[in-house]
Amino acid sequence: VFFWSSLAHPARRYRGCGATSMIYDHIPALAAPVTSLRGMGPKRAALLEKLGVETVGDLLLHFPRRHEDHRVRTAIADLAEGVDVTLEGTVTEMDVRPSRRQPVTTAVIEDASGSVGAVWFGRRGLARQLPPGVAAVFAGRVGRYRDELVLQNPDFALSGNGAEAEFSGLRPVYPTVDGLSQRQLRGFIAAAFETLDGTPCQGLTPADLEARHGWPPAGEALRAIHWPDAPEAAEHARARFAYEEFLALQAAVLWGRAGRRSGAGVAHNTQGPLLEALRISLPFTLTPGQQRAVDAILADMAAPAPMMRLLQGDVGSGKTAVALHAIAAALDSGRQAALMAPTEALADQHALTIKKTLETLGARVALLTGSAPGGAAVRRAVADGQVNVIVGTQALIQDTVDFESLGLVIVDEQHRFGVAQRARLGAKGPAPDLLHMTATPIPRSLTLTLYGGMDLTVIPDLPPGRLPVKTARAPAHKEEDLHRYIVEQAQAGKQTYYVCPLIEESDVRDLGAVTERYESLTRGPLRSVPAALLHGRMASAVKEETLRAFREGRISVLFSTSVVEVGIDAPGAAIMVIEDAASFGLSQLHQLRGRVGRSDRQAYCFLLGTPATEEGKERLDALCRHHSGFDIAEADLRLRGPGEFAGVRQTGLTGFRAADLVRDAELLETARHDAREILARDPRLREAAHARLGEAAERLAAFNP
Ligand code: ADP
Ligand code: MG
């Protein structure tokens, strides 16, 4: 599956370990380099390598992007504008208007039903190849030129000269690179098929599942994906391989998970006094989604198998409150809990929240970040059990941090951390329970692939009374109105975040934009309101104090970089202004906007700046239109493709050959269901029918979290 293809990807050396390649790996001849094919020199081999094709077998798995339909010959009298056609006729006129830049060649083609013009731009030598009187097959799109129907830039082959073979049936169109023509690729792939020499390919899908879904056998599907009899056959073959890629991946993640969960973990007490006290003292009632999440987490924690749960909830859905319950249960069991956050500001905020709610109930909470004071003393207190809850940044995973009895690890905004960082914290106790929280909703199809090894809980609702943040683009000439509005609102007790992008030039992050804006606005239109500046380069103590002042309402306008993007919770803020909004990604914009609308007051988000690209404009429109993080994630997936999602590149998921995470979400669900079923019956994939799937899963498991 994961052929980490044409990208010069560091994981390239893993190429060929995937599932699809296993379809032929029992046929040794296919492991030969492409240069073993006739007519293939080093130059073409180098071009093929750019496509991720190195062996003869790789050619079989170089799947077409689409097919051209040459099944019928259209009579010239039946041509219609905008249609792709194949027709056979005789050239009656040929004319070249020479031009150094782009010669225009026109011809007239005639068949029994009538005649039509053809036009080529920039192609030389056509007059020689198609002199009047010659018969040929032409294929191309019918367009209009000077008010007449014409064939535009048609492809052609002389009749009786292989034209029948070239323009027949459904012709594959492959992803290619400059210098490698479709004709050449088709030839090489056909030659690769000859190498099979009748040896049947074998898929990974067990026969009973193949029958249940009506999938064609692997060998048949492999041929049909290149040379189908009908478009439906090509799509069905593609779906078969997509399913198989998903099946192998899901088997891998579920298998890996089974391995990790087999270790004995902690059976936490979920009926203890701290948890009970927390329930009573919480100032609000949990939403149904929060309650379901708490129930699922406590059930996991009570069981001896280690918890591995991903909690997904949109910004503002109240994940922290859920985490507090898990922490209370750990403490009730005499264990320590660790909470890791991606930024110091967020760690500091969490430490405050936890202190506020749990310290009065007897818990001892400490903060450990790179710059928080007393690090050594905190580490000692953690090691000898003086501290029950430790909150921190990556500093938590340093080797110098030891726990007395770690029972629970929570990773907030987990997509911000690498796989290795998350794993290291998990390794600091004997199989502690793991809870990962994320507010960057990724589409379910991606969740199942990236985090398929975890149990998933989604908080689908927001606390009651929350209104969607009204979002609009603000044109430059309205900025004065905007400033006036910010001042008025500040006087009414509503705070504003004013976010400016960092301008990144090579390595230097320029804070100019935000500092400059802060200075000019606080001296000018915003001079009457208390404002402050916040950015990543400020000393931690200053940052913390600034955020605290903002949270407590002592500051009305906070100018900042996107450091406020993750997790910051200041419920009094009701206005978000984002300068040069198009320079942020869609999910980042959603996170930023999520800083407001955290109470029952109507909040507003203003997007400034004019997007330089169409895609940028679509991003801003999507943000104005959609409010649920999940809808936004889907929109983002469509706009940017799966490769841009956090974590995807590392796992090489962009290397699917047949599967498409956007289109094939349903197939993925099916494959996951099937993989579960297989593993329930045959947990180690030992049965003969699962042997090939087991091999693929084992190889894939090595590259997945
Ligand atoms: P996120 O899921 O983005 O991390 P937070 O945990 O920061 O969200 O919670 C957002 C805000 O909502 C906080 O101010 C929190 O106190 C509040 N909150 C959480 N749960 C509820 C609830 N059930 N009812 C009312 N307010 C809530
Ligand atoms: Mg949060």
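What you see is a predicted model, and the numbers here were worked out from it, not measured in a lab.

Draft legend 1. Structural view of the overall build of the protein chain. The number of helices and strands found in the protein chain is 24 helices and 22 strands. Taking all 705 residues of the protein chain together, the buried fraction comes to 54%. Here the analysis covers contacts within the protein chain between residues at least 6 apart in sequence; of these, 74% occur between residues at least 24 apart.

Draft legend 2. Representation of the site of ligand 1 within the structure. Lining the immediate surroundings of ligand 1 are 17 residues, of which Thr285, Gly316, Lys319, Thr320 and Asp569 lie closest. One nitrogen or oxygen atom from the side chain of Gln290 is found 2.8 Å from a nitrogen atom belonging to ligand 1. One of the side-chain N or O atoms of Arg598 is found 3.1 Å from an oxygen atom in ligand 1. Contact with the protein chains covers 85% of the free accessible surface of ligand 1, which is 570 Å².

Draft legend 3. Examining the sheet that holds strand 3 (residues 104-111) more closely. Strand order around the closed barrel formed by 5 strands is 2-3-4-6-5, with mixed pairing between neighbours. The mean inter-strand angle of the sheet, taken between neighbouring strand axes irrespective of direction, is 50 degrees. Of the pairings in the sheet, the one linking strand 2 (residues 84-97) to strand 5 (residues 135-145) comprises 7 bridges and is antiparallel in character. Bridge assignment links Val85 to a residue of strand 5, and that residue is Gly140.

Draft legend 4. Broad picture of unusual backbone geometry. Even without being glycine, Asn153 reaches a positive phi, approximately 45 degrees. Secondary-structure assignment places Asn153 in strand 6 (residues 148-158). For Asp197, which is not glycine, the phi dihedral falls at a positive 50 degrees. Looking at the secondary structure, you find Asp197 in the loop between helix 5 (182-196) and helix 6 (207-213). A residue is classified by how much of its surface remains accessible, and Asp197, at 66% relative accessible area, is exposed.

Draft legend 5. Examining the pattern of salt bridges more closely. Tallying each qualifying case throughout the model produces 26 salt bridges. Residue Arg212 pairs with Glu677 through a salt bridge whose shortest N-O separation is 2.6 Å. Of the two residues, Arg212 is situated in helix 6 and Glu677 in helix 23 (residues 665-681); the sequence distance between them amounts to 465 residues.

Draft legend 6. Main features of the packing of helix 20 (residues 614-625) against helix 21 (residues 629-640). In contact at an axis separation of 10 Å, helix 20 and helix 21 are set at 170 degrees when each is read in the N-to-C sense. What the angle tells us is that helix 20 and helix 21 run roughly antiparallel. Packed against helix 20, whose contacting residues are Glu615, Glu618, Arg619, Ala622 and Leu623, the element helix 21 presents Ile632, Ala635, Leu639 and Arg640 at the interface. Here the residues of the contact of helix 20 with helix 21 are counted per class, giving 5 nonpolar, no polar and 4 charged.

Draft legend 7. Inspection of the sheet that holds strand 16 (residues 495-499) at higher detail. Across the sheet, 6 strands lie side by side as 15-22-21-16-20-19; this open sheet has parallel pairing. With one partner strand each, in any of the chains shown, strand 15 (470-474) and strand 19 (531-534) form the two edges of the open sheet. Geometrically, the sheet is characterised by an average inter-axis angle of 20 degrees between neighbouring strands, direction not taken into account. Here 4 bridges tie strand 21 (residues 573-578) to strand 22 (residues 604-608), and the two strands are oriented parallel to one another.

Draft legend 8. Up close: the environment of Ala75. Take Ala75: it is sitting in the loop between strand 1 (66-70) and strand 2. Ala75 gets classed as partly exposed once you look at its relative accessible area, which sits at 28%. For the pair Ala75 and Ser115, spaced 40 residues apart in the sequence, the C-alpha separation amounts to 9.4 Å.

Draft legend 9. Structural view of the packing of aromatic side chains. For the coordinates displayed, the defined rule picks out 11 aromatic pairs. Between the aromatic rings of Phe121 and Tyr145, the centroid separation amounts to 6.2 Å while the plane-to-plane angle is 75 degrees, which identifies the pairing as edge-to-face. Placement of Phe121 in strand 4 (residues 114-121) and of Tyr145 in strand 5 is noted, with a sequence separation of 24 residues between them. For Tyr145, a relative accessible area of 23% corresponds to the partly exposed category. Between Tyr485 and Tyr604, the ring centres sit 6.2 Å apart and the planes meet at 90 degrees, which makes this aromatic pair edge-to-face. Placement of Tyr485 in helix 16 (residues 479-491) and of Tyr604 in strand 22 is noted, with a sequence separation of 119 residues between them. Relative accessible area serves as the criterion here: at 22%, Tyr485 is assigned to the partly exposed category.

Draft legend 10. The pairing of strand 20 (residues 557-560), seen in detail. The two faces of strand 20 match: Val557 and Phe559 on one face and Leu558 and Ser560 on the other face are all buried. Pairing of strand 16 with strand 20 involves 4 bridges; the strand directions are parallel. For Val499, the partnering residue across the bridge sits in strand 20 and is Ser560. Two strands pair when backbone bridges link them, and strand 19 and strand 20 are joined in this way by 4 bridges, in the parallel orientation. Pairing of Leu534 across the sheet is with Ser560, part of strand 20.

Draft legend 11. Representation of helix 23. With 17 residues, helix 23 should reach 24 Å at 1.5 Å per residue; the first-to-last C-alpha distance of 25 Å fits that figure. Residues Leu667, Leu668, Ala671, Arg672, Asp674, Ala675, Ile678 and Leu679 constitute the buried set of helix 23.

Draft legend 12. Geometry of the environment of Trp120. Residue placement: Trp120 occurs in strand 4. Once the C-alpha coordinates of Trp120 and Asn153 are considered, the two residues, 33 residues apart in sequence, prove to be 4.4 Å apart. Contact partners of Trp120, with chain neighbours within four places excluded, come to Pro103, Val104, Thr105, Ala107, Leu126, Leu130, Phe138, Asn153, Pro154 and Phe156. Within the structure, the side chain of Trp120 is placed 2.8 Å from the backbone oxygen of Pro154, a separation counted as a polar contact.

Draft legend 13. Representation of the side chain of Glu166. For Glu166, the position within the fold is in helix 4 (residues 163-166). Polar contacts involving the side chain of Glu166 include one to the side chain of Arg171, which spans 3.3 Å. Within polar-contact distance, the side chain of Glu166 engages the side chain of Arg183 at 3.0 Å. Every residue in contact with Glu166, bar those within four places of it in the chain, is listed here: Arg171, Arg183 and Arg186.

Draft legend 14. Examining the packing of helix 11 (residues 319-332) against helix 12 (residues 344-358) more closely. The contact between helix 11 and helix 12 brings their axes to 11 Å, and the two run at 60 degrees. Of the possible angle classes, the one that applies to helix 11 and helix 12 is oblique. Where helix 11 crosses over helix 12, the handedness of that crossing is right-handed. Note on element contacts: helix 12 touches helix 11 through His350, Thr353, Ile354, Thr357 and Leu358, opposite Thr320, Leu324 and Ile327. Classifying every residue of the contact of helix 11 with helix 12 gives 4 nonpolar, 4 polar and no charged.

Draft legend 15. Seen up close, the nonpolar core. Grouped together as the largest cluster of nonpolar side chains are 67 residues, with contacts concentrated most on Leu48, Leu59, Leu180, Leu222, Phe241 and Phe246. Going through the elements one at a time, helix 1 (42-50), helix 2 (56-60), helix 5, helix 7 (218-226), helix 8 (231-261), helix 15 (444-450), helix 23 and helix 24 (691-701) are the ones with two or more residues in this core. The biggest single contributor to this core is helix 8, with 13 residues. With residues up to four places along the chain from it excluded, the contact list for Leu48 reads Val34, Met40, Val53, Leu59, Leu180, Leu185 and Phe188.

Draft legend 16. Region of the structure containing helix 9 (residues 273-281). Along helix 9, the residues that are buried comprise Leu274, Leu275 and Leu278. Projected down its long axis, helix 9 shows its buried positions confined to an angular sector of 100 degrees, all on one face. Among the exposed residues of helix 9, those oriented more than 90 degrees off its buried face are Pro273 and Ile280.

The rules behind the values
Residues numbered from 1 in each chain as written. Chains lettered and ligands numbered in written order. Predicted model: local features only at pLDDT ≥ 70, side-chain atom pairs only at ≥ 80, totals over all residues. Heavy atoms only, no water. Helix = DSSP H or I, 4+ residues; strand = E, 2+ residues; numbered from the N terminus. Buried < 20%, exposed > 50% of the residue type's maximum accessible area, 1.4 Å probe, protein only. Contact = heavy atoms within 4.5 Å. Near = heavy atom within 4 Å. Polar contact = N/O pair within 3.5 Å; in protein donor to acceptor, adjacent residues only side chain to side chain. Areas by Shrake-Rupley, 256 points an atom, 1.4 Å probe, with all protein chains shown as cover. Pairing = 2+ DSSP bridges. Axes fitted to C-alpha atoms, helices over the stretch in contact; angles between N-to-C directions. Salt bridge = Lys/Arg side-chain N within 4 Å of Asp/Glu carboxyl O. Parallel < 35°, antiparallel > 145°, perpendicular 65-115°, else oblique. Nonpolar A, V, L, I, M, F, W, Y, C, P; charged D, E, K, R; others polar. Phe/Tyr/Trp six-rings, centres within 6.5 Å; stacked < 30°, edge-to-face > 60°. Expected span 1.5 Å × (residues − 1). Left-handed = near helix turned anticlockwise from the far one by under 90°. Core = buried A, V, L, I, M, F, W, Y, C linked by side-chain atoms within 4.5 Å. Arc of directions from axis to C-beta.

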